[in-house]
Amino acid sequence: MVVLDPAHGGTDLGARGTEGIRESEVVLQFAAQVRKALEAQGFQVVQTREGNENPSFDDRSARANAQRGAVFISLHVASTGLAGTARVYTMPDLPTANDGSGLIVWDRAQAPFTSLSHKLGDLVQAELARRFKGSPNGAQVAPVRQLRTTAAPAIAVEISSVSVADRATLDRMIPGVADAIARAVTAFKPTYVVPMIAPAAPGVRP
Amino acid sequence: MNTRWQIWLAGGLLAAVIAAALYFPALRHQVDKAKQLTQKTAEQARRELLPPAPVSSGEPRVKAKMFWGTREQDGKLNPVTVELPLSSDPALRAKQVLNTLLAGPVDPESRTLPPDAALLAFYLLPDGTAVADFSEAIGTSIPSGIQSEQLAVDSIARTLEANIPQAQRLKILIHGQEADTLAGHLDLTQTFPVNMKMLSLAVPATEPQPAMNPTSPAEKP
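This report concerns the structure included in the present document. The shown structure was predicted, so the numbers you read here are calculated from the model rather than taken from an experiment.

This paragraph deals with the overall build of chain B. From N to C terminus, chain B includes five helices and seven strands. Along its sequence from the N terminus, chain B presents helices and strands in the succession α-β-β-α-β-β-α-α-β-β-β-α. Looking at chain B as a whole, 35% of its 221 residues qualify as buried. For chain B, restricting intrachain contacts to residue pairs at least 6 apart in sequence, the fraction spanning at least 24 positions comes to 65%.

A few words on the packing of helix α1 (residues 23-40) of chain A against helix α5 (residues 167-188) of chain A. Residue and element names in this part refer to chain A. The N-to-C vectors of α1 and α5 enclose an angle of 40 degrees; their axes lie 8 Å apart at closest approach. The angle between the axes of α1 and α5 places the two elements in the oblique class. α5 is crossed by α1, and the crossing has right-handed handedness. Residues V26, Q29, F30, Q33, V34, K36, A37, L38 and A40 of α1 form the contact with α5, whose participating residues are L170, I174, P175, V177, A178, D179, I181, A182 and V185. By residue class, the composition of the contact of α1 with α5 is 14 nonpolar, two polar and two charged.

We now examine the interface of chain A and chain B. Contact with chain A, which involves 29 residues of that partner, is made by 26 residues of chain B. Residues of the side of chain A that touches chain B, tallied by class, amount to 14 nonpolar, nine polar and six charged.

Let's shift gears to helix α2 (residues 90-103) of chain B. Residue and element names in this part refer to chain B. For α2, which comprises 14 residues, the first-to-last C-alpha distance of 20 Å matches the rise-based estimate of 20 Å (1.5 Å per residue) to within 8%. For α2, the complete set of buried residues consists of R93, A94, K95, Q96, V97, L98, L101 and L102. On its buried side, α2 packs onto β1 (61-68), β2 (78-85), β3 (119-124), β4 (129-134) and α4 (146-163). Positioned one or two residues after α2, G104 has a phi angle of 95 degrees, which is positive.

Before going further, it helps to examine the pairing of strand β4 (residues 86-90) of chain A. All names here are of chain A. For β4, the buried fraction is high: five of the five residues fall into the buried class. Side chains A86, V88 and T90 project from β4 onto one buried face, and the interleaved R87 and Y89 project onto a second face that is buried too. Alignment of β4 against strand β6 (residues 154-159), held across four bridges, turns out to be antiparallel. Bridging across to β6, V88 finds its partner in V157. Summarising the sheet, β4 and strand β5 (residues 140-141) pair through two bridges and their orientation is parallel. Bridging across to β5, T90 finds its partner in V141.

What follows covers unusual backbone geometry. As a rule of thumb, non-glycine residues mostly have phi less than zero, and peptide bonds are mostly trans rather than cis. A cis geometry characterises the amide bond from A:S160 onward to A:S161, with omega recorded as -15 degrees. With respect to the helices, strands and loops of the structure, A:S161 is situated in the loop between β6 and α5. Notably, A:H8 is not glycine yet its phi reads approximately 65 degrees, a positive angle. Checked against the element boundaries, A:H8 lands in the loop between β1 (2-6) and α1. Of note, B:H175 is a non-glycine position whose phi angle comes to about 55 degrees, a positive value. Of note, B:H175 is situated in the loop between β5 (169-174) and β6 (177-178). We classify B:H175 as partly exposed; it has 17 C-beta atoms within 10 Å.

Now for the pairing of β6(A). With six of its six residues buried, β6(A) lies for the most part within the structure. Of the two faces of β6(A), the one carrying A:A154, A:A156 and A:E158 and the one carrying A:I155, A:V157 and A:I159 are both buried.

The rules behind each value
Residues numbered from 1 in each chain as written. Chains lettered and ligands numbered in written order. Predicted model: local features only at pLDDT ≥ 70, side-chain atom pairs only at ≥ 80, totals over all residues. Helix = DSSP H or I, 4+ residues; strand = E, 2+ residues; numbered from the N terminus. Buried ≥ 20, exposed ≤ 12 C-beta atoms within 10 Å, placed from the backbone. Contact = placed C-beta atoms within 7 Å. Axes fitted to C-alpha atoms, helices over the stretch in contact; angles between N-to-C directions. Parallel < 35°, antiparallel > 145°, perpendicular 65-115°, else oblique. Left-handed = near helix turned anticlockwise from the far one by under 90°. Nonpolar A, V, L, I, M, F, W, Y, C, P; charged D, E, K, R; others polar. Expected span 1.5 Å × (residues − 1). Pairing = 2+ DSSP bridges.

See below:
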């Protein structure tokens, strides 16, 4: 299953451009096309929001955390950056998240998945770099809040930007972004093995 | 009650509903405005209580390295060497360089922090944690996005690394409080590494390693 997360929503409009472009609206359009491309590849897709609501970070993470073997992709449009480029971010390595019971600590739920997230991030970024000149070749590391509580391979894709002079510039990117994500997730699938969370040895503090 | 009174009563109720519908949005606007004013007033009061930014005209002028952005907005930092009168006290020196960072470069396009943001307080803890407390504008006026927020934090961390060797990690507070994120994206609940060399000496190998990547937003190796 792939969990698509169109960022922001509700009263949180996200990045806002001078031409009236709102991130919270644009990401919904991106999500719809990414969903179609993933479903065409045979993936089951759910979204953290499908309308103009704003679930909390934890509620968004919960959509992926409730599944085994899910992949989480958060979609963003930046205020800045070179127009027509796209970047992928993954969470930096976190301290081991094991409370001794074998359960994952919610606040560091991403910890066991960071290497898988880096792998997925690199695959998506490579596909994006092929389609959007000026995009980085590899995923970048940034402590994105949404990713920290997600117990699944998790990436944030950020498109530049709401500052484009014409909304059509962003719209033209949608098919390329959708195809890049669908191809990368397909390539990632055979390598995805859900990590085992071993209980900590008695007396060892997590 | 006769029909005439019933009509008058219904008319009165309708008029009251219309008046309320017109009045409530205006009242809500006034309440929101008053709330903002209260917030600003609280922050203003705090600024007034804090000691003024250190003036160091008597200090020797030394070369300081500031990390601002680039005009191209490519998410990269550009080190700029400036000559400043800097204190030898690390906490005072940190305030001086961070205030210079906030004041911005010659080219406003290369700013990494909002021009209306202010450093409210700065503490250097004995374990090397640098606590920088900024006004709310650092979160509300910064361009929203992962790249811009990461660039802002990196510019602070790299500027501290270059000028305050005692600082090992950075904790950012907003208006004296821990914030969940800077402006909706970057996680502020944890610390950011400043001086990795010092950190690797200070933290035993068996302890959990710091959460943040020192080279971000650069690409992973």
